[in-house]
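# Report on the structure
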Amino acid sequence: MEENKMNNLTLEDGSRIAVIGGGPAGSFFTYFALDFAQLFGTNISVDIYEAKNFNKVGPVGCNHCGGIVSESLVQMLSAEGIVLPANVIRRGIESYTLHMEQGTTVIDTPLQEQRIASMYRGFGPLGSTDNEQQSFDQYLMDLCQKKGARIIQEKVLDMEKEPDGVIIKTKKSADKKYDLVVGSVGLNPRSFQLFKKIAPSFIPPKTTKTYICEFHLGNEVINEYFGNSMHVFLLNLNNIKFGALIPKGEYVTLVLLGAEINKQIVDSFVNSKVVRACFPPGIELKSINPCQCFPSINIKAATSAYSDRVVLIGDSSSSKLYKNGIGAAHITAKAAARTAIFEGISESDFRKTYQPECTALNRDNAIGKMIFLVTTIIQKSSILKTGLFRMIVKEQHKTGDKRRMSSVLWDTFTGSAPYTGILKRVVNPLVLAALIWNIIVGIFNPITINKNEK
Ligand SMILES: Cc1cc2nc3c(=O)[nH]c(=O)nc-3n(C[C@H](O)[C@H](O)[C@H](O)COP(=O)(O)OP(=O)(O)OC[C@H]3O[C@@H](n4cnc5c(N)ncnc54)[C@H](O)[C@@H]3O)c2cc1C
């Protein structure tokens, strides 16, 4: 810290921070940096540069995402003063419905309290007219503005590093110099090139293509066919690691995660018997599908996501594999803010205090990879799937804490718990023995398990 002060690599009264990207990572960083600075008695200013307008419908105002916020994150945010208002939450999800070729079963929240929220990152799909609702990302940016941050609705086009700061260039505003630049640009390849100029060792994260689309069905049909349940599919279809239908207001969002999802893979999923059975009979899905996209997802963390006066956070740095990216953005943003305010803004400060949080996420993702590998094996084996299905259906007779496999699946699908904890619960001898027993019974007694059999 003393050495940094001499090199001016600490934030002091009057220091200026530029946050490039007003998604969750950028807003969380701003929120905590302003909070910590106030605690520390340092008077700093923060400008958030955001290219999109989250008050617009469709792709121009959207940060493509399934829009699930786990209950653990909802609770953590509320303890930190970020209470999600009712008009940001499009639906409270109370159960998930697991669909396999073997059958369908509804699994209530394991402890009857772990509810999750579904929301839209932007204003909603193309054509949506519900003016009462609010975008999640806009809500977070508004919070930052209330705390004193300035929102600059512009794309950053260039950056230049000088010994005493970083110059930010946009199309309309005059060039501005900042003491610290925070990269919360998601997975934007052009913005990564800008950051490579000011943080030369930075290697961007690896990504793969996913799929999201919206189906407009109206409230009544959604209540009847989907309810307050996230519908999750474990089907024997190539490339798909996770498929879900998530009800939100008048829409249902389809999310497909896996390896390089393309149109063919999407068609194989949407046209499968199991998926079609979730929708009203005879409905032409293409005619009620106003929005679709193939966004990238972070599947391997960035390297050296920091340099003197520069730090990258959220998807641009380390995320959680396939799940709870917003929760991971919260972790990296808070760690970077803590480092910047309490330690300093040199490369070595970020390496010492910020990197360990990223490393912990990366280690957990290594376990996550294993879990998804096992899930893929199960997906492809009807014997294993029948055993798993039997076990889950039977567990619904039991009290919450005894529904061990259901809670493992809940946490895997929603991203509510670290992968390491999930693995520990799976290798519990009681869980393994019950699974093996159900697999054996399933082989010798191939009865049909009816929907919601208890
Ligand atoms: C298919 C899919 C489903 C997902 N589902 C979920 C889910 O259900 N729950 C969950 O928690 N996570 C989910 N995620 C992950 C989640 O979307 C991300 O982890 C999260 O958005 C990361 O937040 P971020 O702020 O780092 O980046 P982003 O949300 O991508 O925000 C980056 C922002 O930076 C702005 N920007 C970029 N470059 C510039 C520039 N040069 N100038 C100005 N602004 C710029 C962009 O406009 C954008 O607003 C999903 C991801 C995918 C792909």
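What counts and what doesn't
Residues numbered from 1 in each chain as written. Predicted model: local features only at pLDDT ≥ 70, side-chain atom pairs only at ≥ 80, totals over all residues. Heavy atoms only, no water. Near = heavy atom within 4 Å. Polar contact = N/O pair within 3.5 Å; in protein donor to acceptor, adjacent residues only side chain to side chain. Areas by Shrake-Rupley, 256 points an atom, 1.4 Å probe, with all protein chains shown as cover. Helix = DSSP H or I, 4+ residues; strand = E, 2+ residues; numbered from the N terminus. Nonpolar A, V, L, I, M, F, W, Y, C, P; charged D, E, K, R; others polar. Domains from an automatic or database assignment. Pairing = 2+ DSSP bridges. Axes fitted to C-alpha atoms, helices over the stretch in contact; angles between N-to-C directions.

Attention shifts here to the site of the ligand. Around the ligand sit 37 residues, and of these E50, N63, R121, S191 and D315 come closest. The contact in question runs from an oxygen atom of the ligand to an N or O atom on the side chain of N63, over 2.8 Å. Side-chain polar atom of S191 to a nitrogen atom of the ligand: 2.8 Å apart, as the coordinates give it. For the ligand, whose accessible area on its own is 1,000 Å², the fraction buried by protein is 93%. Residue assignment for the shell around the ligand shows that the elements contributing at least two residues are α2 (24-40), β17 (251-258), β19 (296-300) and α9 (325-343). Among the residues forming the shell around the ligand, the class breakdown is 16 nonpolar, 15 polar and 6 charged. When residues of the shell around the ligand are sorted by domain, at least three fall in each of domain 1 (2-64 + 136-205 + 299-367) and domain 2 (90-124 + 208-297).

Across the sheet, which stays open at both edges, the 3 strands sit in the order β9-β10-β11 with antiparallel pairing between neighbours. Lying at the two open borders of the sheet, with one neighbouring strand each, are β9 (156-162) and β11 (176-178). Pairs of neighbouring strands in the sheet enclose a mean axial angle of 30°, with direction left out of account. In terms of strand pairing, β9 meets strand β10 (residues 165-170) through 6 bridges, oriented antiparallel. Residue pairing for β10: M159 is matched across the bridge by I168.

In short, shape yes, function no, at least from these values alone.
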